[in-house]
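Chains, contacts and geometry: an overview
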Amino acid sequence: MKRFAGLSLLMDLVSALGSGESSVIDKSTIYKYNLPIMKKQNTHWADSTAEKITRQKGEKEQYVCASGITPSGTVHIGNFREIISVELVVRALRDMGKDVRFIYSWDDYDVFRKVPKNMPQAELLETYLRKPITLVPDTRYSYSSYAEANEKELEQILPQVGVEPEYIYQAQRYRSAYYAEGIRTALEHRDRIREILDEHRTTPLPEDWWPVSVFSSFTDRDNTTVLDWDGQWGLTYRCEDTGREETVDLRDCAVAKLPWRVDWPMRWSHEGVDFEPAGKDHHSEGGSFDTARRLVKEVYGAEAPVTFQYDFVRIKGRGGKISSSSGEVVGLPEVLEIYQPEIVRFLFAGTRPNSEFAISFDLDVLKIYEDYDKCERIYFGVQEVGEKKRAKESRIYELSQVHDVPKTMPLQVPFRHLCNLLQIHSGDVDAVLGQYELNREQKERLGQRARCAWNWITRYSPEDFRFHLQGQDDPRVELDEKQRSVLRALKVEVEKLVEHDEESLGTAIYDIARDAEIEPKELFSTVYRILIGKEKGPRLAGFIFTVGREKVLRILERYV
RNA sequence: GGGCCGCUAGCUCAGCUGGUAGAGCAACGCCCUUUUAAGGCGUGGGUCACUGGUUCGAACCCAGUGCGGCUCACCA
C-alpha cells in the first residue's frame, strides 16, 4: 500500500515535470498521497474489538471473554447473536496470538416468572412459578429441569457452528455458596448500591432494601423479605408464604442470590471479564450495563469489560416471530436446516453487530448462498476484486469457517442448481452427490448444502420452484397430434444428446417449434406438462441436460 | 423525558477510524431465426435527509435540525 502510494506520487511528479506545469502538484496531491500512508487498513469489527481489548486491558497472559443468557425459554437466534459475537472476537484475539478464556454463563438461577405458551403440562408448571428455573421440571423432554433442557438443546448444537465455550451454571454456583464473598461485599456496600441504582429509577428503592434476594428454603419461592444481616455471614429473612423466619450462613446456604444489576458486576470482577457485549436493552443510559459499570468499580474495585451493543435479528420469509412468546421459536436448529454452518457464521460475521439484519427463509436464501460463494471465490483469488474489498471479504471468509480454512477451494454447486438436482432425484442426496468427484471434506460440505437445499425446497420455496419428474404412476397428459409430433422431434434430439451442448439443443428446440408451426411458448408448456406436470419450468435446454438423457427419454416414450 | 441506531439509485442495502459514490434486483437497450421463473452483453439513474463547522479535501469527523425505529426509566 505504502509503496503504491509512493509510486503514484512519483508518477505524478514525473508527469508534472514533463508537462512543465508545476501547478499540477498542488496541496491536494501532496496530502492525497501522504495521508493514506499513515492510514491503517480497515479491519473487521472482530479484529478491531480484539485490538481494543488488548489496548484497554493491557498485555495479559489470558483474556476473559464472557457471554451469557437466561435459559428461561428456548434459546432463539437473537440470543445466538450474543454467543457468536463473542466467539468471533475470541477468534480474533487468538489470531493475534493471545490466550483466551471463553466463558458462557447460563443464568439458570433466575426466577420462573411465567409459563411459556404451548408448553406441555402448563398446569403443573403453573405451580412452579416464582421458583428458580433450575428447579422447574422439564415437561418436554427428559432433562432434569426446564433450565437444563433449554441449555442442552443449545449446547449440543453449538459445536456445529464452531462455538465451544466453557459453560458456567449460575444455579450451581449460587447453590454451592460459591459467591458468598461477592454477596457479602454487596451487603457491605448496601447504601452505595442503592444510591447508584436510585439515580436511574422513578421510584427510589425503599429504606429497608437489601442488595440480595432469597429463595425460601421452605417453599423455594422468592416471595421473601430480607430482615437483617449481621455484618458477617448471617442473613435473616422471612418467607412470606409460610410466615417462617430463618437465619442462614452465606457460606453454606443455597438460597441467596444477587439481583441482576448487582450480580453482573460481581461476576465481572470474579472472573476478571475483559470483554462482554450486550443487547440494546442493557446498553441504554441507566440500563444495566451502565449501573454495572459503576458498581463494579465502586463496589468490587474492578474495571468494566470492553463491550459493544448488538442489535436484534429479524426473521424474514417464515411465519411466526422470533420470540418465545408466540410458541414458535426460530432457533439455531431451524436456521441450520436451511443454511450450512459456515453460512450461518457468514451471516453474523458479515454484518456489524450494531446493525439489525434479517435471517431470511424466502428467496433471499438463494442470494445469501451466492454471496457466500462469491466471498469464497474472492478468498481463493478465483474472482478478481479491488484490494480493499479482497482484504475485507477474505477476513469474513476466514471467520465464517467452522474450523480451518479449506486448503483448496471447495467445489461450488449453486444452491439453486442443487434444488433442481434434488427434485429430479426426489430428494435423494446421495444420488446427487454421486454425480461429483468429491474428497471427504467436499462431500461433507456439499452434503450439508444439499440437505439444506432440500429442506428449503420442501418447506419454504415458492410454489413456482417446486416440481417432480413425472413417473409411470402420474396421469398421462392429453395431447393432440401436433403436440405429439413435436415430442417425437424432440425425442430425436434427446436421443443424440451427446452431440448437443446446451446452446445447440436450445436452437434445436426453437427449430422444432418453427418446423411444426407451433408457438415456442406452446411447445415449452407441452414439454413441461409431460416432464413435471406444470405449465412452466426451468430453462428447458439446460434442464434436459440436468435431468439426463435416460430419464427424459423414459418420459417422452409414454407419448410417442 | 434520557440514550442508541438509521436516513446513500425506483427497491434492498454496501461503502466506517476523510482521498474521484458502489452491488444486487428493477428499468431501458442490444444479441443468438431464441426466452419459459434462472441466458449473455451493455446503458441510464443519486444535492449521500437538512443546516452550519473542521479540513487542501467530508457520505464518512464535530455541532445542531427534521423524519423513522429501538431501548431505559419494573424484572431479569
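Remember, predicted model here, so these are calculated numbers, not experimental data.

Rules used in this analysis
Residues numbered from 1 in each chain as written. Chains lettered and ligands numbered in written order. Predicted model: local features only at pLDDT ≥ 70, side-chain atom pairs only at ≥ 80, totals over all residues. Heavy atoms only, no water. Axes fitted to C-alpha atoms, helices over the stretch in contact; angles between N-to-C directions. Helix = DSSP H or I, 4+ residues; strand = E, 2+ residues; numbered from the N terminus. Parallel < 35°, antiparallel > 145°, perpendicular 65-115°, else oblique. Contact = heavy atoms within 4.5 Å. Near = heavy atom within 4 Å. Polar contact = N/O pair within 3.5 Å; in protein donor to acceptor, adjacent residues only side chain to side chain. Nonpolar A, V, L, I, M, F, W, Y, C, P; charged D, E, K, R; others polar. Pairing = 2+ DSSP bridges. Buried < 20%, exposed > 50% of the residue type's maximum accessible area, 1.4 Å probe, protein only. Lys, Arg positive; Asp, Glu negative; His and termini not counted. Salt bridge = Lys/Arg side-chain N within 4 Å of Asp/Glu carboxyl O. Core = buried A, V, L, I, M, F, W, Y, C linked by side-chain atoms within 4.5 Å. Domains from an automatic or database assignment.

Our focus in this paragraph is the packing of helix H4 (residues 77–95) against helix H13 (residues 341–349). It is at 10 Å that the axes of H4 and H13 come closest, and there the two elements cross at 85°. For the element pair H4 / H13, the angle class is roughly perpendicular. Taking contact as the criterion, the partners of Ile77, Phe80, Arg81, Ile84, Glu87, Leu88 and Arg91 in H4 are, on H13, Val344, Arg345, Phe348 and Ala349.

Quick look at the protein's contact with RNA strand B now. Taken together, the neighbourhood of RNA strand B is formed by 45 residues, with Thr202, Tyr528, Lys536, Pro538 and Arg539 sitting nearest. Restricting attention to atoms of RNA strand B within 4 Å of the protein, one finds that 48% of them are sugar or phosphate atoms. Between RNA strand B and His200 there is a distance of 2.9 Å, counted from a sugar or linking oxygen to a backbone nitrogen or oxygen. The set of elements that each furnish at least two residues to the surface near RNA strand B consists of helix H2 (27–38), helix H10 (260–271), helix H15 (387–400), helix H16 (415–424), helix H20 (502–515) and helix H21 (520–532). Take the surface near RNA strand B: its biggest share by element is 5 residues, from H2. Looking at the surface near RNA strand B residue by residue, the classes come out as 11 nonpolar, 14 polar and 20 charged.

Okay, the sheet that holds strand S2 (residues 100–106) next. The parallel open sheet is built from 3 strands, whose spatial order is S1-S2-S3. Single-partner strands in this sheet number two, and they are strand S1 (63–69) and strand S3 (166–169). Strand-to-strand, the axes of this sheet are offset by a mean angle of 25°, without reference to chain direction. Sheet analysis places S2 next to S3, joined by 4 bridges and oriented parallel. Residue pairing across strands places Ser105 opposite Ile168, the latter belonging to S3. Of the strands in this sheet, S2 and S3 touch helix H6 (residues 146–155), which is tilted by about 145° from S2.

Attention shifts here to the side chain of Asp108. Among the secondary structure elements, Asp108 is positioned in the loop between S2 and helix H5 (122–126). No salt bridge is formed by the buried Asp108. Its closest oppositely charged neighbour is Lys152, at 8.3 Å. Among the polar contacts made by the side chain of Asp108, one reaches the main-chain amide nitrogen of Gln170 at a distance of 3.3 Å. Apart from the residues within four sequence positions on either side, Asp108 is in contact with Pro71, Ile133, Thr134, Ala147, Glu151, Tyr169, Gln170 and Ala171.

Let's shift gears to the pattern of salt bridges. This structure, assessed with the given rule, holds 39 salt bridges. The shortest N-O distance in the salt bridge between Glu303 and Lys297 comes to 3.8 Å. One salt bridge in this structure joins Glu493 and Lys496, with 3.8 Å as the shortest N-O distance. A residue is classified by how much of its surface remains accessible, and Glu493, at 15% relative accessible area, is buried.

Another point: the nonpolar core. Proteins that are soluble and globular tend to have nonpolar side chains buried together. Counting 73 residues, the largest nonpolar core has Ile77, Phe80, Tyr339, Phe348 and Ile359 as the members making the most contacts within it. No other element matches H4, which puts 10 residues into this core. Counting the residues that make up this core, at least three belong to each of domain 2 (46–178 + 259–310) and domain 4 (314–465). Core analysis: the second largest hydrophobic core is formed by 48 residues, Leu187, Val248, Trp268 and Ala278 among them.

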